[in-house]
Amino acid sequence: MPFFIPFWDPTFILIIIGMVISGFASMYVQSTYRKYSNVTSKNGFTASDVCRKILDAAHLENVRLEGIRGNLTDHYNAKDNVLRLSDTTRNSRSVAAIGVAAHEAGHALQDRDNYGPLRLRASLVPVTNIGQTAAFPILFLGFLLGEGGSFLVTTGILLFSLTLLFQLVTLPVEFNASNRAIEVLETQGLLSREEIPQARKVLNAAALTYIAAAIASFLSVLRLILIFSGRSRD
């Protein structure tokens, strides 16, 4: 009686599709960022300058600006009340770097406003980490137990699906931060009228990576469902 092992089988094509989509999204954001990293803002502000101006205008003087090593490792940490800009971003005067910095400042604005999806995403972090750690051991045990392990298989798939849920909740968080960034860059005159569409292209390209991650997670969950539902029929 044939069955598919959960690590290599015909459904692995779904993982490959997810990897290809994620790879194309990553290549696109890198190429878009490189293109507009060569466009210097007419206002002459660095990304750090812009970030500080946005935060101060929002009465977030208590949010610290720090540097962090790496390329596009920029992030806002609500727990520590700190916004970190990467080596390639913080001292750059490019439209791309300013767009990225403004996006991270957008997360600080979300935090100030108690933006619901941001709070939900933060609450999902610990349970998602637990799900990622426990899912495959539980799935493997259920696989070994055969028909008697159906409950464990279902539990394992649900735990693994927490990653997909996290990715889906991440989408509105990132889109909203980008929208806030573009709005504040325009209203505060931190970029010129010609530069706003360029910054928007950078942020839209970055958004594709989150969409790709959600698609890849969905395909991974679908693969597990197909594997174990097929095994049950056998």
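Everything quoted here is computed from the prediction, not taken from an experiment.

As for the sheet that holds strand β3 (residues 82–86)
Move 1: Taken in spatial order, the three strands make up an open sheet running β1-β3-β2, and their pairing is mixed. Edge positions in the sheet fall to β1 (64–68) and β2 (75–77), since each has one partner strand and no second. Looking at each pair of strands side by side, their axes are set apart by 25 degrees on average, direction ignored.
Move 2: Of the pairings in the sheet, the one linking β2 to β3 comprises three bridges and is antiparallel in character. Across the sheet, residue Y76 finds its bridge partner in β3, namely L83.
Move 3: Along the sheet, helix α3 (residues 95–112) makes contact with β2 and β3, crossing β2 at roughly 25 degrees.

Quick look at unusual backbone geometry
Move 1: In this structure, L72 is a non-glycine residue whose phi angle is positive, near 55 degrees.
Move 2: Position of L72 among the secondary structure elements: in the loop between β1 and β2.
Move 3: Looking at L72, the relative accessible area reads 28%, which means it is partly exposed.
Move 4: Unusually for a residue other than glycine, N81 sits at a positive phi of about 60 degrees.
Move 5: In this structure, N81 sits in the loop between β2 and β3.

A word on the side chain of D111
Move 1: Its place among the elements puts D111 in helix α3.
Move 2: Not counting the four nearest positions on each side in its chain, D111 is found in contact with Y76, A78, L118 and R119.

Describing the pattern of salt bridges
Move 1: Counted according to the given criterion, the structure contains nine salt bridges.
Move 2: A salt bridge links R84 to E66; its shortest N-O distance comes to 3.3 Å. Of this pair, R84 sits in strand β3 while E66 is found in strand β1, placing the two residues 18 residues apart along the sequence.
Move 3: Assessed through its relative accessible area of 17%, R84 is described here as buried.
Move 4: Exposure remark for E66: the relative accessible area of 28% places this residue in the partly exposed category.
Move 5: One salt bridge in this structure joins D113 and R180, with 2.8 Å as the shortest N-O distance. Here D113, found in the loop between α3 and α4 (116–145), pairs with R180, found in helix α5 (residues 150–187); they are 67 residues apart in sequence, far enough to count as distant.
Move 6: For D113, a relative accessible area of 37% puts it in the partly exposed group.
Move 7: By sharing partners, the salt bridges in this structure join R64, E66 and R84 into a single network.

Quick word on the confidence of the model for the protein
Move 1: For the protein, per-residue confidence averages 92 on the pLDDT scale, and residues scoring 70 or more make up 94% of the total.
Move 2: Here helix α6 (residues 195–233) stands out as the element of the protein with the lowest mean pLDDT, 91, in contrast to α3, whose mean of 97 is the highest.
Move 3: The low-confidence segment residues 1–6 (pLDDT under 50) makes 14 contacts with residues lying over four places distant or belonging to another chain.

Re the packing of aromatic side chains
Move 1: Inspection of every chain in the model, using the stated rule, returns two aromatic pairs.
Move 2: Ring geometry for F136 versus F160: centroids 5.4 Å apart, planes at 75 degrees, classification edge-to-face. With F136 in helix α4 and F160 in helix α5, the pair connects residues that are 24 residues apart, well separated along the chain.
Move 3: A ring pair is formed by F143 and F228, whose centres lie 6.4 Å apart and whose planes are at 80 degrees; its orientation type is edge-to-face. Here F143 is found in helix α4, whereas its partner F228 is found in helix α6, with 85 residues between them in sequence. Each member of the pair, F143 together with F228, is buried.
Move 4: The ring of Y115 is capped by R180, whose NZ or CZ atom sits 5.6 Å from the centre of that ring.

Rules behind the numbers
- Residues numbered from 1 in each chain as written.
- Predicted model: local features only at pLDDT ≥ 70, side-chain atom pairs only at ≥ 80, totals over all residues.
- Heavy atoms only, no water.
- Pairing = 2+ DSSP bridges.
- Helix = DSSP H or I, 4+ residues; strand = E, 2+ residues; numbered from the N terminus.
- Axes fitted to C-alpha atoms, helices over the stretch in contact; angles between N-to-C directions.
- Contact = heavy atoms within 4.5 Å.
- Buried < 20%, exposed > 50% of the residue type's maximum accessible area, 1.4 Å probe, protein only.
- Salt bridge = Lys/Arg side-chain N within 4 Å of Asp/Glu carboxyl O.
- pLDDT = per-residue confidence, 0-100.
- Phe/Tyr/Trp six-rings, centres within 6.5 Å; stacked < 30°, edge-to-face > 60°.
- Lys NZ or Arg CZ within 6 Å of the ring centre and 35° of its normal.

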